[in-house]
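# Results of the structural survey
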Amino acid sequence: MKNIRVLLAEDQGMMRGALALLLGMEPDIEVVAQVAAGDAIVDAALAHRPDVALLDIELPGLSGLDAAAELREQAPDCRVLILTTFGRPGYLRRAMEAGAAGFLVKDGPVEDLAVAIRRVLTGETVVDPALAAAALSAGPSPLTARECDVLKASVDGATVADIAAKLHLSESTVRNYLSSAIGKTGTRNRMEAMREARQQGWL
């Protein structure tokens, strides 16, 4: 009898279908909902009441990390397991801060995923061991929340004026935040700073 209800959030249709099929072959796991966008996760969880939400990080609409934080507020009984291509220490730290119960990278065998789903339901925290070690050695993000906001707003060649208008800040304040972020990331300009912050999983 299948009794572990799983919500699956993955934007790549083929990957989502394959995961649902493979997990559905487990005798005790049932995929009760599949979504392709982050902003559909909470509604699906409230509608289908899964025991475990299996979330990718990089999703359209809302990241899996932001959705995990929302699930903690609105569906606290649902355990969150992050499954991502990007095993970045900063992502792991942010996932744990958002209340995730597990963090795995996609290149592992599906048997490990099924085991992880069962383990998080018993209250365990399941983290890829190599990634856990890397996260401990990397330490926390040096960037403040506002510095992250300014770097995120720098995409697609946005000017300082554009960023200031978007975030309701003065242009001099935006320049100060950008300068600080560039210094903390050890880079030469804001585009390099944004790339470095993304690579580390800080954004």
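What this report covers is the structure whose coordinates are included nearby. On a predicted model such as this, the values are computed, not experimentally measured, just so you know.

Below, the discussion takes up the layout of surface pockets. To find the voids left in a structure, one rolls a probe of water-molecule size over its atoms. Estimates place the volume of the largest pocket at around 350 Å³. Lining the largest pocket are 21 residues, with Val105, Gly108, Pro109, Asp112 and Leu113 positioned closest to its centre. Breaking the lining of the largest pocket down by element, the ones donating at least two residues are helix 1 (13-24), strand 5 (102-105), helix 5 (110-121) and strand 6 (126-127). Considering every element that reaches the lining of the largest pocket, the biggest residue donor is helix 5, with 6 residues. When the residues that make up the lining of the largest pocket are grouped by side-chain class, the tally is 15 nonpolar, 1 polar and 5 charged.

Our next topic: the environment of glutamate 10. If you trace the backbone, glutamate 10 turns up in the loop between strand 1 (4-9) and helix 1. Among the residues examined, glutamate 10 registers a relative accessible area of 2% and is labelled buried. Residues glutamate 10 and valine 35 lie 25 residues apart in sequence; the distance between their C-alpha atoms is 6.5 Å. Setting aside residues no more than four positions away along its own chain, glutamate 10 makes contact with Met15, Arg16, Val35, Ala36, Asp56, Leu59 and Lys106.

On inspection of all chains with the given rule, the structure shows 9 salt bridges. In this structure, arginine 118 engages glutamate 26 in a salt bridge whose closest nitrogen and oxygen atoms are separated by 2.7 Å. Here arginine 118 is found in helix 5, whereas its partner glutamate 26 is found in the loop between helix 1 and strand 2 (29-35), with 92 residues between them in sequence. On the accessibility criterion, glutamate 26 (18% relative accessible area) is buried. Taking the shortest distance from any N to any O, the salt bridge between aspartate 28 and arginine 118 comes out at 2.8 Å. With a gap of 90 residues between them, aspartate 28 in the loop between helix 1 and strand 2 and arginine 118 in helix 5 connect regions that are remote in the sequence. The class for aspartate 28 is buried, based on a relative accessible area of 17%. Residue classification places arginine 118 among the partly exposed positions, given a relative accessible area of 28%. One salt-bridge network, held together by shared partners, links Glu10, Asp56 and Lys106.

About the criteria used
- Residues numbered from 1 in each chain as written.
- Predicted model: local features only at pLDDT ≥ 70, side-chain atom pairs only at ≥ 80, totals over all residues.
- Heavy atoms only, no water.
- 1 Å grid on protein atoms, 1.4 Å probe; cavity = no way out; pocket = protein on both sides within 12 Å on 5 of 7 lines; lining within 4 Å.
- Points joined across faces, edges and corners; volume = space filled by probe spheres on them.
- Helix = DSSP H or I, 4+ residues; strand = E, 2+ residues; numbered from the N terminus.
- Nonpolar A, V, L, I, M, F, W, Y, C, P; charged D, E, K, R; others polar.
- Buried < 20%, exposed > 50% of the residue type's maximum accessible area, 1.4 Å probe, protein only.
- Contact = heavy atoms within 4.5 Å.
- Salt bridge = Lys/Arg side-chain N within 4 Å of Asp/Glu carboxyl O.

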